[in-house]
Amino acid sequence: MDYATFDSVSLYRTNQQIVLAQMLYPPATTYAEYGVQFIGLDAYTPDEIAAWFNLVRATIYPSNSAEAYYIPTFDQSEVARTNADAFAALGIPVTSLERWVTVNTCYSPGWALGRLKFFTAGEVVAAYGDGRLQPGDILLTDGVPADTPLVAGIITLSPSTPNSHTAILSQSFGIPFAYLPDADEQARVQALVGHKVILCATGDLGRRGDQGA
């Protein structure tokens, strides 16, 4: 099965044969908890998430009585937001990566020179398709969907994960990819939109890093 075929049976509801998931661990041992994500470009229902989440939780026996949280991927975040009461009724605690990540994070090290362009996560694919976002541009976005196209560099204003689809592709192609949580730094970078910038992302994968634009 080639790459495109595997995506077609794992990321979309039509003809889906497998559900991809991942476990997340907090960067600090002070958190007695772990996260679970389910990956897909089409939305899953709260009942589906609850069934899979309970299956995962039932097969894990943490020595420190760690609590499990559902941490939606970007593509599943809208369902989690609009169905908060349903998840609560199903006994599924929902949180986000902001719970753990409060410092600059480098998901893929490297540097790039390009024009900084901002698009919301929902606009990224369309902007790439119609040419507003070019392969040589540096993308500034408020979230990183799994189908983010290949660009020169990526700066996100909301956290991703080191093993996300986009992070893995960025590492494979040497694309710098970083998260900026600080509001003042976010504002400074947003003021550079439309200008040519150099993005330099360094640091240990998934841990605190230094980013400059």
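Placed above this text is the structure.
In every chain, residue numbers begin from 1 and rise along the written sequence. Only residues with pLDDT of 70 or above have their local features reported here, since the model is predicted, and side-chain atom pairs are shown and tallied only from 80 upward, although totals for entire chains, interfaces and linings are computed over all residues. The basis for the side-chain values is all heavy atoms of the structure; hydrogens and waters are excluded.

Observations regarding the pairing of strand β3 (residues 67–70)
Working step 1: Any two strands with at least two DSSP-identified bridges between them are counted as paired. Runs of E in the DSSP output that reach at least two residues are strands. Runs of H or I that reach at least four are helices, and both are numbered from the N terminus. Across four bridges, strand β2 (residues 33–39) lies against β3 in parallel orientation. By the bridge assignment, V36 is partnered in β3 with Y70.
Working step 2: By convention, orient the strands away from the viewer: a clockwise path from the first strand over the helix to the second makes the crossover right-handed. Following the chain from β2 across helix α2 (residues 46–58) to the adjacent parallel β3, one finds a crossover that is right-handed.

Overview of the packing of aromatic side chains
Working step 1: Side-chain rings of Phe, Tyr and Trp (the six-membered ring for Trp) are treated as a pair once their centres are within 6.5 Å; stacked means planes under 30 degrees apart, edge-to-face means over 60, and tilted covers the remaining angles. Per the stated rule, a full pass over the model turns up five aromatic pairs.
Working step 2: Each ring, one from F38 and one from W52, has its centre 5.6 Å from the other, and the planes form 50°; the classification is tilted. Pair noted here: F38 is in strand β2 and W52 is in helix α2, with a separation of 14 residues, a long-range link.
Working step 3: Think of it in three bands: residues with accessible area under 20% of the maximum for their type are buried, residues over 50% are exposed, and the middle band is partly exposed, with areas taken using a 1.4 Å probe on protein chains only. For F38, a relative accessible area of 2% translates into the label buried.
Working step 4: Residue classification places W52 among the partly exposed residues on the basis of a relative accessible area of 22%.
Working step 5: When the ring of Y70 is compared with that of F87, the centres are 5.6 Å apart and the planes differ by 25°; the resulting orientation is stacked. Of the two residues, Y70 sits in strand β3 while F87 sits in helix α4 (residues 84–89), which places them 17 residues apart along the sequence.
Working step 6: Aromatic rings pair up to connect F38, Y44, W52, Y70 and F87 into one cluster.
Working step 7: Its end group placed over the ring of Y69, R99 keeps NZ or CZ at 4.4 Å from the ring centre. Each ring is checked for a lysine NZ or an arginine CZ that lies within 6 Å of its centre and within 35 degrees of its normal; such an atom marks a charge sitting over the ring.

Description of α2
Since the α-helix advances by 3.6 residues per turn, residues separated by three or four positions end up pointing in the same direction.
Working step 1: Multiply 1.5 Å by the residue count of a helix minus one, and that product is the helix's expected span. Here α2 contains 13 residues, and its C-alpha end-to-end distance of 18 Å stays within 8% of the 18 Å for a straight helix at 1.5 Å per residue.
Working step 2: Residues of α2 that are buried include every one of P46, I49, A50, F53 and V56, and no others. Along the long axis of α2, the arc covered by the buried residues comes to 135°, so they all point the same way. With respect to the buried face of α2, the exposed residues turned more than 90 degrees away are D47 and L55.
Working step 3: Packing partners of the buried residues in α2 comprise β2, β3, α3 (77–82) and α4. Directions pointing from the helix axis toward each C-beta atom define the arc. In what follows, a contact means two residues having at least one pair of non-hydrogen atoms within 4.5 Å.

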